[in-house]
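# Results of the structural survey
The lines below spell out each chain.
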Amino acid sequence: MVQNISRRGFLSVSTTGVMAAAVADIPTPTPQKIPWETRLIISNRAELRMLQFTDIHFFNGATRRPEREKQKRNQTLDDARRLIDHAKPDVLLITGDVWHDNPDGRGAEFMNYAIEQFASWGVPWAFTWGNHDQLDDYKAAHKVLAEAKHSLYGGIEKDGNYVVTFENRDGTCLAEIFCLNTRDTGIDKMAQQFIHEAAVTLDTRHKRPMRLGAFHIPIKQYKDVWDNDTARGIIGENVCMEKEDGTSLPILAAAGIQAVFCGHDHVNDYAGSMEGVDLIYGRTTGHNGYGTSKVPKGAKLYTLDPALKTLEWVSLLPDGTTWKPGTNERKDTRRSS
Ligand SMILES: [Fe+2]
Ligand SMILES: [Fe+2]
């Protein structure tokens, strides 16, 4: 599938590893096809803007309180459009818990609804699975996600694990983002293996570019950086690392991944660093998820400078205001209601 995207100079999205250049006089490289890689070719620009939505939770409560659920869902959709308008992102990273479970086998219907919304936003999007993104037929779901409009999903081959590569028109790699499936456990052995093997494969192709990771459930060291006082931001609940045992961080670091973005804990928005990897929480987006009174819903905007391999981030609210913790700002609201 190849799509032309007019927004902000995008040229193409490919889920098969084959690029399409929209400018005929620019030579098109013919890279080796990697089944777990998708590519986004963008205009030559100094910076890349990624907007992370997480924990949207469409249809949470649809059975018990359908009117309320619909109202909150519409509020989330209104917010999403405003956030995109403010951020003008090159890409959306949607890090899981997009819909809520699989009641009465409705998971696929919920997913299709979500995909329809993503497609309508007109921005290339990547998706990583959350523990609540449940349905009956995952094999079919991988395909639907990969073939959706503006999708960068490449998880068919490796059960939801894939890499999105961002390239300049001339084929220069700007950045790679490792999108991982943390299921309901965290980064499991299969995902760890994927990180290692994907990095080895990509390293044979070119010098390591800026490399990032996106997934749903935080790794153990998110807790460590808060507990050792080096993280900055807000913590409203204990880190829910599920079955994370801490073994993923060295694997991420060895793969050259310099920063990771997660979700899952709706009222945590902080960042710290360990073993040379920045551990950053997204700002949760969906009004159907818990936590609005503690941490207002929004998104996280990352601005990458691929040449310098630097990354800036802010939490972005639907009214356009931004927040980032100060140098020594640590707020713990775990004991307040
Ligand atoms: Fe969630
Ligand atoms: Fe979750």
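About the thresholds
- Residues numbered from 1 in each chain as written.
- Chains lettered and ligands numbered in written order.
- Predicted model: local features only at pLDDT ≥ 70, side-chain atom pairs only at ≥ 80, totals over all residues.
- Heavy atoms only, no water.
- Donors = N, O, S within 2.8 Å, 3.2 Å for Na, K, Ca; no water.
- Tetrahedral: all angles 85-135°; square planar, octahedral: opposite > 155°, others 65-115°.
- Helix = DSSP H or I, 4+ residues; strand = E, 2+ residues; numbered from the N terminus.
- Buried < 20%, exposed > 50% of the residue type's maximum accessible area, 1.4 Å probe, protein only.
- Expected span 1.5 Å × (residues − 1).
- Arc of directions from axis to C-beta.
- Contact = heavy atoms within 4.5 Å.
- Pairing = 2+ DSSP bridges.
- Core = buried A, V, L, I, M, F, W, Y, C linked by side-chain atoms within 4.5 Å.
- Axes fitted to C-alpha atoms, helices over the stretch in contact; angles between N-to-C directions.
- Parallel < 35°, antiparallel > 145°, perpendicular 65-115°, else oblique.
- Nonpolar A, V, L, I, M, F, W, Y, C, P; charged D, E, K, R; others polar.

### Digging into the coordination of the iron ion (ligand 2)
Taken together, Asp-97 (OD), Asn-131 (OD1), His-216 (NE2) and His-264 (ND1) make up the protein donors of the iron ion (ligand 2), found 2.1 to 2.3 Å from the metal. Given four donor atoms and angles of 87 to 161° at the metal, the environment of the iron ion (ligand 2) is assigned as irregular. Look at where the donors of the iron ion (ligand 2) fall in the sequence and you get D-x33-N-x84-H-x47-H. Taken as a pair, the iron ion (ligand 2) and the iron ion (ligand 1) lie 3.5 Å from each other and share Asp-97 as a ligand. Of this pair, Asp-97 sits in the loop between β5 (91-94) and α2 (107-120) while Asn-131 sits in the loop between β6 (125-127) and α3 (138-147), and the two are 34 residues apart along the sequence. The same class applies to Asp-97 as to Asn-131, namely buried.

### Some points on helix α4 (residues 189-205)
One turn of an α-helix holds 3.6 residues; hence residues three or four places apart share an orientation. Relative to the 24 Å expected for 17 residues at 1.5 Å per residue, α4 spans 25 Å between its end C-alpha atoms, a close match to the ideal helical length. Along α4, the residues classified as buried are Ala-191, Gln-192, Phe-194, Ile-195, Ala-198, Ala-199 and Leu-202. Along α4, the residues classed as buried sweep out an arc of 155° about the axis, all on the same side. Facing away from the buried side of α4, by more than 90 degrees, are the exposed residues Lys-189 and Thr-204. Close packing links the buried residues of α4 with β3 (37-41), β7 (162-167), β8 (173-179), β9 (210-214) and α6 (248-254).

### Focus: the pairing of β3
Buried residues dominate β3, accounting for five of its five residues. Burial along β3 is two-sided: Glu-37, Arg-39 and Ile-41 and Thr-38 and Leu-40, pointing in opposite directions, are all buried. The sheet contact formed by β3 and β7 spans five bridges and is parallel. Pairing of Ile-41 across the sheet is with Glu-167, part of β7.

### Brief notes about the coordination of the iron ion (ligand 1)
Binding of the iron ion (ligand 1) to the protein goes through Asp-55 (OD), His-57 (NE2), Asp-97 (OD) and His-266 (NE2), at separations of 2.0 to 2.3 Å. If you look at the iron ion (ligand 1), its four donor atoms make angles of 88 to 176° with each other, and the shape they trace is irregular. Here the donor residues of the iron ion (ligand 1) are spaced in sequence according to D-x1-H-x39-D-x168-H.

### Details of the nonpolar core
Membership of the largest hydrophobic core comes to 61 residues, with the highest contact counts inside it found for Met-50, Leu-51, Phe-53, Phe-166, Ile-177 and Phe-261. Looking at which element gives the most residues to this core, the answer is α2, with six residues. Apart from the residues within four sequence positions on either side, Leu-51 is in contact with Leu-83, Ile-84, Ala-87, Pro-89, Val-91, Leu-92, Leu-93, Ala-299, Lys-300, Leu-301 and Leu-316. With 31 residues, the next largest nonpolar core counts Phe-194, Leu-202, Val-239 and Val-260 among its residues.

### Some points on the packing of α2 against α3
Interaxial distance between α2 and α3 falls to 11 Å at its minimum, and their mutual angle equals 10°. It follows from the interaxial angle that α2 and α3 lie roughly parallel. Contact residues: α2 offers Met-111, Asn-112 and Ile-115, while α3 offers Ala-141, Val-144 and Leu-145. Partitioning the contact of α2 with α3 into residue classes produces five nonpolar, one polar and no charged.

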